[in-house]
Number of protein chains: 2
Amino acid sequence: MARSARATITQVARTAGVSLSTVSRVMNGNPTVDAALAERVREVAAELGYSANPLARSLVLGRTQTVAVVIPDLANPTFQSILRGLSRAASDDGFHVLIADTAEQVAEEATLATATRRRTDGVILCAPRMPADDLAALLPSLSPVVVVNRPPQEATPTVAADYRVGMAQLVQHVYDLGHRRVAYLAGVVGSASGAARRSALDEALTAHPDLEIIEIASGVDFDSGAGSADAVMAADVTAVLAFNDLVAMGLLSAVGDRGIRVPEDLSIAGFDDIPFARYTTPPLTTAAVPGLELGQEAWQAMSALLEGRDAATSTVRDPALVVRGSTGPRPS
Amino acid sequence: MARSARATITQVARTAGVSLSTVSRVMNGNPTVDAALAERVREVAAELGYSANPLARSLVLGRTQTVAVVIPDLANPTFQSILRGLSRAASDDGFHVLIADTAEQVAEEATLATATRRRTDGVILCAPRMPADDLAALLPSLSPVVVVNRPPQEATPTVAADYRVGMAQLVQHVYDLGHRRVAYLAGVVGSASGAARRSALDEALTAHPDLEIIEIASGVDFDSGAGSADAVMAADVTAVLAFNDLVAMGLLSAVGDRGIRVPEDLSIAGFDDIPFARYTTPPLTTAAVPGLELGQEAWQAMSALLEGRDAATSTVRDPALVVRGSTGPRPS
DNA sequence: CTGTTAGCGCATTCAG
DNA sequence: CTGAATGCGCTAACAG
């Protein structure tokens, strides 16, 4: 008969006529308790609806069974899937997840991470735009910590998609389709994955002297993509590589309004393979970032840290090129 | 100079040459401390990088500054926006958010809610499919709790969108466009919002004797929508009201593949107005559920409970009809 | 096998 | 105004 006021271990001990320790032992499955006694305690506990106060437990044990996830934007589909993968995996291991949405406030990421870390056993940090130096300085104080989508770090596990490989596949894809003058919607500056994308572009330019890439500034969302339409048209390209799927979809929509046919007149590719990418018209060619897997692996890494297993591993997954209808041969 | 091992209040007290209580008072802004002394304590605290252990604080104060959000599926865009609105609002008030994704396991919702409740100050419960009786039985033990997207409850605040109103607007919309034989992709059974949608449909049937509604079973996601295409075609209707935007988008995609033109041959409407709804081809007519606002209001309600202000209010928001390109006049 | 003691880190009486 | 106790609820030595 659970009442609103939770029973404490003291009450259980009292009504069962035993000491605190005995109750504690029984509740924690300590086998050094007389079977009959244990049974009686269990009955009383059940009757009173008792279960240990996790807070008190955390304080004495020094662990909370909770990890924090710091993400820049809960609205970003990529982080959503990472969060989901992580949440499920952690939950399967009996861990809870505290979320901290930094609302893109790069300046407050460190503070937030530190604050949430104090009430958890570790933090999974997604901070794509935090300067590398700041990150390196922050990590030690956060330990145990695993970093998502950043280059391998000194002494902290890292889980990341290789945005360079993904972008390389996309450039090669449009190059193979005959495109030679290609626009790149560059997204926001200062992001780690942005740098990786760009390096793939640079390599492509080296590998293919007849390739031209016109870089166009943009944001990271729909509206940015739509807003880039004029610049794209002015650039006189036959293909566009967007920073991500959102940007690509915005552009797709905006050029559609202008009567441009995709992919006949213009090829457009995104990045991420968010769930909606396959439902645009035409469906979006993109590089699939395995968010769910990244989330799971981030948890694996955290779990390993928590259990004192192998320390700083850095796992990298290659995005998979997904060719759909939004890219096609260069118009003749 | 913050080190990995956090300073405790005892250490601060010792190095400042004062008692625990004094440090505690200073850290909590208690003004009954000599200014000079307080300043010295603050300096030492800063030097040692001290700040109170939230766990210990929670244990003694009886509050965690954390609330739990229980949602059925982190992948569901509607809950995503609710979560986001809630998270931002709570964060602004200095509260943390623990997420519990029940992974659509209705049977475990109660357990999970109870478990997370114990380590937080309250829970925001999104459990669209939990039987009303179970819900009513569960709520008292969760208090303080606010319920999202369910009918008003006995003694717990409720924040909800009025799915009946939204659906009523959509039916009326297609009726006004001349459609008389309409399909309804019914989503999953047993959801509270599903019942609300259906009642709107019933009312429409009563109001318009010449209206026919063909109900077709479906799920709640893209694939369900796509999978319903054959059934929709067989139903020989001129308009379809989908359970939500995801279903509508799946259907849109599938009928597109079959050469059906939307809206010339078939009108399709969704529900929710998820961010992607405006970027389908054609853009989706839908009823906009204000997820962000619902999330914020859920937090307001929780905040009120936490501060002992007004108790069981139930706020309801009407979805807004958003007419885009996926619905049009009945084909002649 | 069981009970008594101490203490996790802190806020808060209560004396002085 | 400040310090010395008390206890939040629990687990983990430590005795018996």
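Residues numbered from 1 in each chain as written. Chains lettered and ligands numbered in written order. Predicted model: local features only at pLDDT ≥ 70, side-chain atom pairs only at ≥ 80, totals over all residues. Heavy atoms only, no water.

1. With respect to the pattern of salt bridges
Pairing between side chains becomes possible if they bear opposite charge and their charged atoms approach one another. Residues and elements named next belong to chain B. We count it as follows: Salt bridges, as used here, are contacts in which a Lys or Arg side-chain nitrogen is within 4 Å of a carboxyl oxygen on Asp or Glu. Only runs of H or I of at least four residues qualify as helices and only runs of E of at least two qualify as strands under DSSP, and these elements are numbered from the N terminus.
Taken as a whole and judged by the stated rule, the model has 26 salt bridges over all chains. Among the salt bridges present, the one from Arg-181 reaches Glu-212, with a minimum N-O distance of 3.2 Å. On the criterion of sequence distance, the pair formed by Arg-181 in strand E6 (residues 181–185) and Glu-212 in strand E7 (residues 212–216) is long-range, its members being 31 residues apart. Of the charged contacts in the structure, one is a salt bridge between Arg-198 and Glu-215, with a shortest N-O distance of 2.6 Å.

2. Focus: the protein's contact with DNA strand C
This is how the line gets drawn: For each residue, the test is whether any non-hydrogen atom lies within 4 Å of the molecule or strand; if one does, the residue is near. N or O atoms within 3.5 Å of each other form a polar contact, as long as, within protein, one can give a hydrogen and the other can take it, and as long as residues adjacent in sequence are counted only when both atoms are side-chain atoms. Side-chain classes follow a simple rule in which Ala, Val, Leu, Ile, Met, Phe, Trp, Tyr, Cys and Pro form the nonpolar group, Asp, Glu, Lys and Arg form the charged group, and the remainder, Gly included, forms the polar group.
Around DNA strand C sit 25 residues, and of these Ser-21, Arg-25 and Asp-34 of chain A together with Ile-9 and Arg-57 of chain B come closest. Between Arg-25 of chain A and DNA strand C, the recorded distance is 2.6 Å, taken from a side-chain N or O atom to a base oxygen. With respect to DNA strand C, the side chain of Tyr-50 of chain B contributes an N or O atom lying 2.9 Å from a phosphate oxygen. The element contributing the most residues to the surface near DNA strand C is helix H4 (residues 54–61) of chain B, with four residues. Per-class residue counts for the surface near DNA strand C are eleven nonpolar, ten polar and four charged.

3. Section: the side chain of His-96 of chain A
To keep it simple, the criterion reads: Should any heavy atoms of two residues lie within 4.5 Å, those residues are counted as being in contact.
Within the element layout of this structure, His-96 of chain A appears in strand E2 (residues 96–101). The contacts of His-96 of chain A, once residues within four sequence positions are left out, are Gln-65, Thr-66 and Val-67 of chain A together with Leu-98, Thr-116 and Arg-119 of chain B.

4. Some words on the nonpolar core
The condition that has to hold: In this description, a nonpolar core means a group of buried Ala, Val, Leu, Ile, Met, Phe, Trp, Tyr and Cys residues linked to one another through side-chain atoms lying within 4.5 Å. Note on classification: 1.4 Å probe, protein chains only; a residue is buried when its accessible area is under 20% of the maximum for its type, exposed when over 50%, partly exposed between these limits.
Leu-241 and Ile-268 of chain A together with Leu-241 and Ile-268 of chain B are the most contacted members of the largest nonpolar core, which totals 141 residues. Each residue touching Ile-268 of chain A, except ones within four places of it in the same chain, is listed here: Val-240, Ala-248, Leu-251, Leu-252, Val-255, Val-262, Leu-284, Thr-285, Ser-326 and Thr-327 of chain A. Judged by nonpolar contacts, the second largest core, of 30 residues, contains Ala-127 of chain A together with Val-70, Ala-100 and Leu-138 of chain B.

5. With respect to the protein's contact with DNA strand D
DNA strand D sits among 24 residues. The nearest are Ile-9 and Arg-57 of chain A together with Thr-22, Arg-25 and Asp-34 of chain B. Each atom of DNA strand D within 4 Å of the protein belongs either to a base or to sugar and phosphate, the latter forming 66%. Interatomic distance of 3.0 Å between a backbone N/O atom of Asn-53 of chain A and a phosphate oxygen of DNA strand D. Within the contact set of DNA strand D, a phosphate oxygen lies 2.5 Å away from a backbone nitrogen or oxygen of Asp-34 of chain B. Those elements that provide at least two residues to the surface near DNA strand D are helix H2 (20–27) and helix H4 (54–61) of chain A together with helix H2 (20–27) and H4 of chain B. Among the elements that make up the surface near DNA strand D, the one with the highest residue count is H4 of chain A (four residues). When its residues are assigned to classes, the surface near DNA strand D shows eleven nonpolar, nine polar and four charged.

6. Examining the UniProt feature "domain: HTH lacI-type" (unreviewed entry) in chain A
To be explicit about the condition: UniProt positions are given in the numbering used here, feature names are shortened, and annotations may be inferred rather than shown by experiment.
Sites flagged by UniProt as "domain: HTH lacI-type" (unreviewed entry) map to residues 7–61 of chain A. Between the C-alpha atoms that bound residues 7–61 of chain A the distance is 20 Å, and the span itself is 69% helix and 0% strand.

7. Remarks on the interface of chain B and chain A
What counts here: Buried area counts how much accessible surface, traced with a 1.4 Å probe, disappears from two parts once they are put together, with both parts' losses summed. Strands pair, by our definition, only if DSSP identifies at least two bridges between them.
Facing the 41 residues of chain B at the interface are 41 residues of chain A. Summed over both sides, the interface of chain B with chain A buries roughly 4000 Å², with 63% coming from carbon and sulfur. The tally of links between chain B and chain A comes to 18 residue pairs in polar contact (both at pLDDT 80 or more). Breaking the side of chain B that touches chain A down by element, the ones donating at least two residues are H4, helix H5 (77–92), strand E2 (96–101), helix H6 (109–118), helix H10 (222–227) and helix H12 (245–257) of chain B. In terms of residue count, H5 of chain B provides more of the side of chain B that touches chain A than any other element does, six residues in total. Each residue belonging to the side of chain B that touches chain A can be placed in one class, and the counts come to 20 nonpolar, 13 polar and eight charged. When E2 of chain A meets E2 of chain B, the two strands line up antiparallel, connected through three bridges. Counterpart to Val-97 of chain A in the pairing with E2 of chain B is Ile-99 of chain B.

8. As for the sheet that holds strand E5 (residues 158–161) of chain A
Sheet strands pair via backbone hydrogen bonds, and the direction of the pair is either parallel or antiparallel. Stated precisely, the cut-off is as follows: Angular values range over 0 to 180 degrees, each being the angle between N-to-C directions of two axes fitted as lines to C-alpha atoms, with helices fitted over their stretch in contact.
Here twelve strands make up an open sheet; going across it, the order is E11(A)-E5(A)-E4(A)-E3(A)-E1(A)-E2(A)-E2(B)-E1(B)-E3(B)-E4(B)-E5(B)-E11(B) and the pairing mixed. Where the open sheet ends on each side, the last strands, each with one partner, are strand E11 (314–317) of chain A together with strand E11 (314–317) of chain B. Neighbour-to-neighbour, the strand axes of this sheet turn through a mean angle of 20°, independent of strand direction. The pairing of strand E3 (residues 123–125) of chain A with strand E4 (residues 145–148) of chain A spans three bridges and is classified as parallel. Its bridge partner lying in E4 of chain A, Ile-124 of chain A is registered against Val-146 of chain A. Lying over the sheet, helix H5 (residues 77–92) of chain A contacts strand E1 (66–71), E2, E3 and E4 of chain A together with E2 of chain B, oriented at roughly 70° with respect to E2 of chain B. Across the face of the sheet, helix H13 (residues 291–306) of chain B comes into contact with strand E1 (66–71), strand E3 (123–125), strand E4 (145–148), strand E5 (158–161) and E11 of chain B while running at roughly 160° to E4 of chain B.

9. Section: the domain arrangement of chain A
So the rule is basically this: Residue ranges for the domains originate in an automatic or database domain assignment.
According to the domain assignment, chain A consists of domain 1 (9–61), domain 2 (66–161 + 291–319) and domain 3 (163–289). Domain 1 of chain A and domain 3 of chain A are separated by 61 Å when their C-alpha centres are compared.

10. Considering unusual backbone geometry
Residues and elements named next belong to chain B. Note the cis peptide between Ser-143 and Pro-144, where omega equals 0°. Positionally, Pro-144 belongs in the loop between helix H7 (132–142) and E4. Going from Val-262 to Pro-263, the amide bond is cis rather than trans, its omega being 10°. Assignment of secondary structure puts Pro-263 in the loop between H12 and strand E9 (267–269).

11. Side note on the relation of the copies chain B and chain A
Threshold: Least-squares superposition of the copies uses the C-alpha atoms of those residues scoring a pLDDT of at least 70 in each of them.
Its rotation angle being 180°, the transformation that places chain B on chain A also includes 0.0 Å of axial translation and leaves an RMSD of 0.1 Å. Here the symmetry operator amounts to a two-fold rotation axis. Taking C-alpha positions as the reference, the residue of chain B nearest the rotation axis is Leu-98 of chain B, at 2.2 Å. Most of the interface of chain B is mirrored in chain A: 100% of its interface residues are interface residues there too.

12. Overview of the environment of Leu-321 of chain B
All names here are of chain B. Relative to the helices and strands, Leu-321 resides in strand E12 (residues 320–322). C-alpha separation for the pair Leu-321 and Ser-218, spaced 103 residues apart in sequence, amounts to 23 Å. Not counting chain neighbours up to four residues away, the residues in contact with Leu-321 comprise Gln-169, Leu-170, His-173, Thr-286 and Ala-287.

13. Overview of the sheet that holds strand E8 (residues 239–241) of chain A
Residues and elements named next belong to chain A. Strand order in this open sheet of four strands is E7-E6-E8-E9, and the pairing throughout is parallel. Of all strands in the sheet, those bounded by a partner on one side alone are strand E7 (212–216) and strand E9 (267–269). Here the strands of the sheet are splayed against their neighbours by 20° on average, with no regard to which way each runs. Here helix H8 (residues 163–176) sits on the sheet and contacts strand E6 (181–185), E7, E8 and E9; the angle it forms with E8, its principal contact strand, is near 180°. The strands touched by helix H9 (residues 192–207) within the sheet are E6, E7 and E8, with E7 carrying the most contacts at an inclination of about 155°.

14. Notes on H13 of chain B
Since there are 3.6 residues in each turn of an α-helix, residues three or four apart along the chain are aligned in direction. For clarity, the threshold we go by: In a helix, the anticipated span is given by 1.5 Å times the number of residues less one.
Counted at 1.5 Å a residue, the expected span for H13 of chain B with its 16 residues is 22 Å, and the 22 Å between its end C-alpha atoms agrees. All buried positions along H13 of chain B are accounted for by Gly-291, Leu-294, Gly-295, Ala-298, Trp-299, Ala-301, Met-302, Ser-303 and Ala-304 of chain B.

15. A short note on the packing of aromatic side chains
Worth spelling out the cut-off: Centres within 6.5 Å are what make two rings of Phe, Tyr or Trp a pair, Trp counting through its six-membered ring; a difference in plane orientation under 30 degrees is then read as stacked, over 60 as edge-to-face, and the rest as tilted. We call a charge positioned over a ring when the NZ of a Lys or the CZ of an Arg lies within 6 Å of the ring centre and within 35 degrees of the ring normal.
Scanning all chains against the criterion turns up nine aromatic pairs over all chains. Judged by centre distance (5.3 Å) and plane angle (15°), the ring pair of Tyr-163 of chain A and Phe-271 of chain A falls under stacked. One end of the pair, Tyr-163 of chain A, is in helix H8; the other, Phe-271 of chain A, is in the loop between E9 and strand E10 (286–288), and 108 residues separate them in sequence. Taken individually, Tyr-163 of chain A and Phe-271 of chain A each receive the classification buried, so the pair is uniform in this respect. Between Phe-222 of chain A and Tyr-279 of chain B, the aromatic rings sit 3.7 Å apart at their centres with planes inclined by 10°, giving stacked as the arrangement. Within this pair, whereas Phe-222 of chain A is found in helix H10 (residues 222–227), its partner Tyr-279 of chain B is found in the loop between E9 and strand E10 (286–288), the two belonging to separate chains. Each of the two residues, Phe-222 of chain A as well as Tyr-279 of chain B, counts as buried. Aromatic rings pair up to connect Phe-222, Phe-276 and Tyr-279 of chain A together with Phe-222, Phe-276 and Tyr-279 of chain B into one cluster. Here the guanidinium or amino end of Arg-197 of chain A rests over the ring plane of Phe-271 of chain A, the centre of that ring lying 4.8 Å away.

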